[in-house]
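# Secondary and tertiary structure notes
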Amino acid sequence: SLRQMTLAGSVNPATALEYLATSTDAFKSYESALDLEASVMEFNLALILLGLDREHGVPSTRKFDPALPQGDPVEIWIEWQVLEEVHRLRAEHTLVDAVSGERLTAGPWVYTGSVFLPDGQLLAATQGVLIGFMHTPESVIDSPRELESGYGAHRLVEGIGLEPGTRVTVTIRATSDPVAE
């Protein structure tokens, strides 16, 4: 069966990006490319129901952690419309490093499951963070790519129609076989 979920959302006006997606009106929306219409808990539960396992996850221990996050792999696709034309790109191909001019390299993202605070709260839920790419512990899904540039270097690719307020559909697909219990 196809193990995927689709969420609606919109493009944020943020320019210095640290996250691909946050929940609507999240604390960290100002650093996020997209706001998605799901709470962190709904988002995380849906990923677990797709067969992703946080036991396989190794979240980053700090922001810009040089150690790459690990976890069950997922593909992320973003779809949007400009006039009558529907565009669909892998999420990593919508982000560009303004310093190097390079888009993120193709490949999977990983489900880390974020981290629990000593009081039992999920760190992601306190920040509203769903998907990150700067190796931060709060991300539920993170990017296992080497970081070339620091904070503020990443933006949405210009000229592809992802202007602030544009409605998007984000599809997340589990790409590994669920582990048989």
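On a predicted model such as this, the values are computed, not experimentally measured, just so you know.

Let us look at the pairing of strand β5 (residues 85-90). Where strand β4 (residues 72-82) and β5 come together, six bridges link them in antiparallel fashion. The partner of Gln-81 across the bridge, within β5, is Val-86. Linking β4 to β5, which pair antiparallel, is a turn of two residues; within it Leu-83 sits at a positive phi near 55°.

As a further point, take the environment of Ser-149. As for its position among the elements, Ser-149 is in the loop between β9 (141-142) and β10 (154-156). Residue Ser-149 is classed as buried on the basis of its relative accessible area of 13%. When the C-alpha atoms of Ser-149 and Asp-97 are compared, they prove to be 7.2 Å apart, with 52 residues separating the residues in sequence.

It is worth spelling out the packing of aromatic side chains at this point. Per the counting criterion, the structure on display carries zero aromatic pairs. Positioned over the ring face of Trp-109 is Arg-145, at 5.0 Å from the centre of the ring.

A word on the pattern of salt bridges. Under the definition given, this model contains nine salt bridges. The closest approach of N and O atoms between Glu-75 and Arg-90, which form a salt bridge, is 4.0 Å. You can see Glu-75 sitting in strand β4 and its partner Arg-90 sitting in strand β5, a full 15 residues away along the chain. The salt bridge partner of Arg-88 is Glu-79, with a shortest N-O separation of 3.6 Å. Glu-79 gets classed as partly exposed once you look at its relative accessible area, which sits at 33%. Members of the salt-bridge network, linked through shared partners, are Glu-75, Arg-90, Glu-92, Arg-145 and Arg-173.

Reading guide: rules and limits
- Residues numbered from 1 in each chain as written.
- Predicted model: local features only at pLDDT ≥ 70, side-chain atom pairs only at ≥ 80, totals over all residues.
- Heavy atoms only, no water.
- Pairing = 2+ DSSP bridges.
- Helix = DSSP H or I, 4+ residues; strand = E, 2+ residues; numbered from the N terminus.
- Buried < 20%, exposed > 50% of the residue type's maximum accessible area, 1.4 Å probe, protein only.
- Phe/Tyr/Trp six-rings, centres within 6.5 Å; stacked < 30°, edge-to-face > 60°.
- Lys NZ or Arg CZ within 6 Å of the ring centre and 35° of its normal.
- Salt bridge = Lys/Arg side-chain N within 4 Å of Asp/Glu carboxyl O.

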